[in-house]
Amino acid sequence: MKNIATKTTTLMLLLLIIGCSKSDKTKTATSGSDARYTPKNFVELKHPDWSKNATIYEVNVRQFTPEGTFKAFETHLPRIKAMGIDIIWLMPIHPIGLEKRKGSLGSEYSVKDYFGVNPEFGSKEDFKHLVDKIHQMGMHVIIDWVANHSAWDNPLATAHPDWYSKTPEGHFQPTPWYDWDDVIDFDYDKPELRKYMTSALVYWVKDFNIDGYRCDTAGFIPTDFWDNARAELDAVKPVFMLAEWESRDLHKKAFDMTYSWTLFDKMTAVTKDKKSMAGLVEYMAHDVSTFPRDGYRMLFTDNHDMNSWNGNMVANFGAGLEASMVLCGTINGMPLVYGGQEAGLDHSLKFFDKDEINWSKFPYTPLFTKLFELKHKNHALWNGSEGGVMIRIFNDKPEQVISFSREKDGNQVIPIVNYSDKEATVKLDSKYQKGNYTELFSNTAYTLKGDDVVTLAPWQYLVLVKQ
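Here is a short report on the structure shown in this document.

Turning our eyes to something else, we now look at the sheet that holds strand 3 (residues 140–145). Backbone hydrogen bonds are what pair the strands of a sheet, in a parallel or an antiparallel way. Overall, parallel pairing links the 8 strands, which are arranged 1-2-3-6-7-8-9-10 in a closed barrel. Across the sheet, the mean angle separating the axes of adjacent strands is 25° when strand polarity is ignored. Pairing geometry for strand 2 (residues 87–90) and strand 3, over 4 bridges, is parallel. Along strand 3, the bridge assignment pairs I88 with V141.

Take a look at the structure:
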């Protein structure tokens, strides 16, 4: 009897141990404590705090004023600040190559000296004064950086010819497959080139106190170069980095913001090419579901590339221009103003020659000012994870009207845009957005009851702000 009791006790203990073990495993599997299954943020870098609700303005120094200088541009800073701009992006400020130069003045993207300033714009002292002035006014400044290639007569081509890629015959070459004949392509397999370029990037942040860079054709350069460069720059001061590229990988450790060429294309497909709005809706869906939540996207209706090579804003957007500007100001991302847009820039500026902007009128300044004032104070429109997710408000005119809501920290904004050239009487499925709102531009009161009908003229837009 004693042996039977002992065996029974032992068996019960074993069953208890096995049960506890299974219970512990179940708890581990369901509690999410295993780090392998814990969601991780894709974006690992830390954005400068001042960028969370920022707007950006691109400056073509050459064409901005009759003088085309830093000093002359300074006179425009008060009105740019008043419009609601936070980041000033200067197109390349460096000396321009003479060999194989295009046009009378050459391309600002043909860099002869990465440590120098284009004498046509002024001196280093003039540039430093401009940077200080921008900071004194509560704005920040980034400069264009052309890391992919240099001018033919950049001294690096003579001192370090091995830093450049070569044709099969062993000659210098522009970036393969492109007609950029005034520049020659770097080879980023060379550690010495990486060290030189990184030291040049650090120089302008450390010695001139700029706040970061817009990096030309950033995707042509290995991502690990940018990852390291960002780390070295952040060691000097927190910087803001904008990539002329559109991919997720650059957001992880290197760049705060990339271009949204896709949104531009989806909008012009409707305004210029007279296609359906389906592509624009698809863009919104992909932005919400596939893009890193804390990756900033730059949204625009014009920039120097589009303006000079692919038609100006009027040619691309026509009667839908204002509606497109409103979308860029309310969709997830940071809105860009290309210098001159606020003045109604309706022609393509020459790229290699002098071609001044006409500043006699400012037809779009009120629109930008209203949008940017709202962006600054309304958390729903802030950038990345600081802002609200775009939630589609379904309606019965999906081929004409795009309607959505963004909400964050009790703030809510609802854009309703007739993105078509025909009047639309639209019924909104707004049962989850019930409440009282004020329309941004007209200051008209709106009450959404859940099954609301709105009539919109061609290209008319409403931006409802929760009271």
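A separate point is the packing of helix 9 (residues 261–271) against helix 13 (residues 321–330). Packing of helix 9 against helix 13 brings their axes to within 11 Å, and their N-to-C directions diverge by 155°. For the element pair helix 9 / helix 13, the angle class is roughly antiparallel. The two elements helix 9 and helix 13 cross, and the hand of that crossing is right-handed. Each of L263, M267 and T271 in helix 9 lies in contact with helix 13, whose residues at this interface are S324, L327 and C328. Class assignment of the residues belonging to the contact of helix 9 with helix 13 gives a composition of 4 nonpolar, 2 polar and no charged.

A few words on unusual backbone geometry. For residues besides glycine, phi is generally negative; the peptide bonds are generally trans as well. Despite not being glycine, K100 has its phi angle at roughly 60°, a positive value. Its location among the elements puts K100 in the loop between strand 2 and helix 5 (124–136). Residues other than glycine seldom take positive phi values, yet W177 does so here, at roughly 80°. Relative to the helices and strands, W177 is located in the loop between helix 6 (156–159) and strand 5 (183–185).

Turning to the pairing of strand 15 (residues 435–439), a few remarks are in order. Here 4 bridges tie strand 15 to strand 16 (residues 445–448), and the two strands are oriented antiparallel to one another. Within strand 16, the residue paired with N436 across the bridge is T447. Taking the residues between adjacent antiparallel strands as the criterion, strand 15 and strand 16 are bridged by 5 residues, where N443 takes a positive phi near 65°. Where strand 15 meets strand 18 (residues 461–466), 3 bridges bridge the pair, whose relative direction is antiparallel. In the strand pairing of strand 18, Y437 is matched with K466.

Calculation rules
Residues numbered from 1 in each chain as written. Predicted model: local features only at pLDDT ≥ 70, side-chain atom pairs only at ≥ 80, totals over all residues. Heavy atoms only, no water. Pairing = 2+ DSSP bridges. Helix = DSSP H or I, 4+ residues; strand = E, 2+ residues; numbered from the N terminus. Axes fitted to C-alpha atoms, helices over the stretch in contact; angles between N-to-C directions. Parallel < 35°, antiparallel > 145°, perpendicular 65-115°, else oblique. Left-handed = near helix turned anticlockwise from the far one by under 90°. Contact = heavy atoms within 4.5 Å. Nonpolar A, V, L, I, M, F, W, Y, C, P; charged D, E, K, R; others polar.

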